[in-house]
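# Observations on the three-dimensional arrangement
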Amino acid sequence: MIRKTIPKKYERYITPTKDGKYYRIRYKHYNTTKKTIDQCIALIHKADEEESKGKKIDISNKHVTLEIAMNDWINRYVLTDPTLRESSKQRKIQAVKEQIIANIGYLEYQSITKLDVIELINSLRNGNNESNKKYSESTVKKAYEYLRQFYNQTGYIDYIDNDVFRNRIKFQIETNTHSAFSMEEKKKIEDATGLMSEGFKNVKLRLAPCLVLLLHTGIREGELLALTWDDVVEIQGGYALCIHSSARYIKNSTNKKARLVIGQTKNKKSRFVPLDKPALLAIEYFRTINGNAKYVCANASGQVPHDSTIRKTFQQVLETASINNEKLSAANRYKYNVHSLRHTFATILINDCNAEVAKVSQLLGHSDISTTMKYYVKNESEKFLDTVSLLE
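Keep in mind it's a predicted model, so treat the numbers as computed, not measured.

Glancing now at the overall build of the chain. On a plain count of helices and strands, the chain comes out with 14 helices and 8 strands. Sequence-distant contacts, at least 24 apart, represent 61% of the contacts inside the chain between residues at least 6 apart.

Written out as structure tokens, the structure is:
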């Protein structure tokens, strides 16, 4: 939600320019123009925050903004949460800052109403927010849950009206949006990477063989990026990947620069994933071009590539393979994404090759087999006719 009028308490600091396109802010050491009122208010809060550095925040002051209170919550609760991985903490902080603070951070934390919460949810859904971006329903729900968690964990729920979070907002239940490729499409993708060509001469995109590695191991994108050569281990009868960490680039909310965070896997457990012939071929390719680098799928500089580079490579390979990746209406999502390769790995093993669900669940690194059952086992009763017929 973007404010159209200047709140009374900020009128002495913020004024519209003559052409009405920008707003002039004069506050402490800031004397500049910004495109929106909210951006000007954010600068005011930033100036106050800079001035109060090293001082204890009087959080009981009812005029403290949501931005200051939530930043205090991040420092005291989120960053010290032992149940969260480092990458999970950073994702949570990024979501709070981009989806909550950026949009309603100017509100006083004791004056928030149910209407403010509903307007925030609607603005995230329809794109009428600070980033002009439509978010998926699951992302919007997370933002709501983080805001509710902030009030509950800190005890500030007692400072606001009882009905703000009493009746839960209804969110649409999203089904698994990661579509799996068919066996034919899987073959097309493998051919389009050029990995199967003699001497890898048809590999046009440096990271394209990553897609084959994902297709034949089912590991997550972050787990792929974190792979080092020490993680390629010899086992009885062949080779395997030792999966024990995950990498992700986290965007800094202040300067928009991304930094690499390497932490534990999603369920905080290590696992071994055997390599079949196509996966071994991908390892051989990366050994050829990245042998001196620490990371298996390193970029030309020998560093962990940005996950956006993997996604771009994925889209280009699909185009080469003549696979239409249609854009879904919700939040500009596509039918297929990089996670679809993991989904394909599990779906084909379970539903086409009749592999044991328990074994596939272990390969995927699921902490509970019910997750595997929920997302990867098709509800096809005819598959089990041969089992129940044993009772005859």
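Any two packed helices are characterised by how steeply their axes cross, that is the angle between the axes, and by the distance between the axes. Two elements in contact, helix α4 (residues 114–126) and helix α5 (residues 137–154), have axes whose closest approach is 9 Å; the angle formed by their N-to-C orientations is 155 degrees. Classified by the interaxial angle, the pair formed by α4 and α5 is roughly antiparallel. In the packing of α4 onto α5, the handedness of the crossing is right-handed. Across the interface between the two elements, V117, L120, I121, L124 and R125 from α4 touch E137, V140, A143, Y144 and L147 from α5.

Below, the discussion takes up the environment of S246. Relative to the helices and strands, S246 is located in strand β6 (residues 245–251). Distance from S246 to E223, taken between C-alpha atoms, is 4.3 Å for residues 23 residues apart in sequence. Excluding its chain neighbours within four sequence positions, the residues that come into contact with S246 are R85, G222, E223, A226, V261, I262, G263, Q264 and T265.

Looking now at the environment of A192. Counting through the fold element by element, A192 comes out in helix α6 (residues 183–193). Along the chain, A192 and E319 lie 127 residues apart, while their C-alpha atoms are 8.8 Å from each other.

Moving on, we come to the pairing of strand β2 (residues 23–27). Only one face of β2 is buried, namely the one carrying Y23, I25 and Y27, since none of R24 and R26 on the opposite face is buried. As paired strands, strand β1 (residues 14–16) and β2 are joined by 3 bridges and run antiparallel to one another. Note on β2: the bridge partner recorded for I14 is I25. Between β1 and β2, which pair antiparallel in sequence order, lie 6 residues; one of them, G20, sits at a positive phi of approximately 75 degrees. Here β2 hands over to strand β3 (residues 30–34) after 2 residues, with K28 in that stretch at a positive phi of 55 degrees.

Look at K28: it is not a glycine, yet its phi comes out positive at around 55 degrees. Here K28 is to be found in the loop between β2 and β3. In this model, S322 sits at a positive phi of 60 degrees, which is unusual for a non-glycine residue. Here S322 lies in the loop between α10 (307–320) and α11 (339–352).

Between its terminal C-alpha atoms helix α9 (residues 277–290) stretches 19 Å, which fits the 20 Å expected from 14 residues at 1.5 Å a residue. P278, A279, A282, I283, Y285, F286 and N290 are the residues of α9 that are buried. Buried residues of α9, viewed axially, fall in a sector of 160 degrees; they line one side. Away from the buried face of α9 by more than 90 degrees, exposed residues K277 and T288 are located. Packed against the buried residues of α9 are α7 (209–217), β4 (232–235) and β5 (238–243). Two or three places before A279, at the opening of α9, D276 has a side-chain oxygen 3.0 Å from that residue's backbone nitrogen.

In the structure shown here, the tally under the stated rule is 9 salt bridges. Across the salt bridge formed by R76 and D72, the nearest N and O atoms sit 2.8 Å from each other. Linking R76 with D72, this pair stays in helix α2 (residues 66–78), spanning 4 residues, or about one helical turn. With a shortest N-O distance of 3.8 Å, D307 and R311 are connected by a salt bridge. Here D307 pairs with R311, and both are found in helix α10, just 4 residues apart, close to one helical turn. What makes R311 partly exposed here is its relative accessible area of 40%.

Moving on, we get to the sheet that holds β3. Pairing is antiparallel in the open sheet, where 3 strands are placed in the order β1-β2-β3. Of all strands in the sheet, those with a lone pairing partner are β1 and β3, marking the two edges. With strand direction ignored, the average angle separating the axes of adjacent strands in the sheet is 20 degrees. Pairing analysis gives 5 bridges linking β2 to β3, with the strands arranged antiparallel.

Let us now look at the nonpolar core. Formed by 49 residues in total, the largest nonpolar core has its most connected members in L66, M70, I100, L147, F150 and Y151. Broken down by secondary-structure element, the contributors of at least two residues to this core are β2, α1 (37–51), α2, α3 (86–104), α4 and α5. With residues near it in sequence (within four places) discarded, L66 still touches I100, I104, G105, L107, E108, Y109, I112, L147, F150 and Y151. Core analysis: the second largest hydrophobic core is formed by 46 residues, L224, V232, I283 and Y285 among them.

Scoring rules and cut-offs
Residues numbered from 1 in each chain as written. Predicted model: local features only at pLDDT ≥ 70, side-chain atom pairs only at ≥ 80, totals over all residues. Heavy atoms only, no water. Helix = DSSP H or I, 4+ residues; strand = E, 2+ residues; numbered from the N terminus. Contact = heavy atoms within 4.5 Å. Axes fitted to C-alpha atoms, helices over the stretch in contact; angles between N-to-C directions. Parallel < 35°, antiparallel > 145°, perpendicular 65-115°, else oblique. Left-handed = near helix turned anticlockwise from the far one by under 90°. Buried < 20%, exposed > 50% of the residue type's maximum accessible area, 1.4 Å probe, protein only. Pairing = 2+ DSSP bridges. Expected span 1.5 Å × (residues − 1). Arc of directions from axis to C-beta. Polar contact = N/O pair within 3.5 Å; in protein donor to acceptor, adjacent residues only side chain to side chain. Salt bridge = Lys/Arg side-chain N within 4 Å of Asp/Glu carboxyl O. Core = buried A, V, L, I, M, F, W, Y, C linked by side-chain atoms within 4.5 Å.

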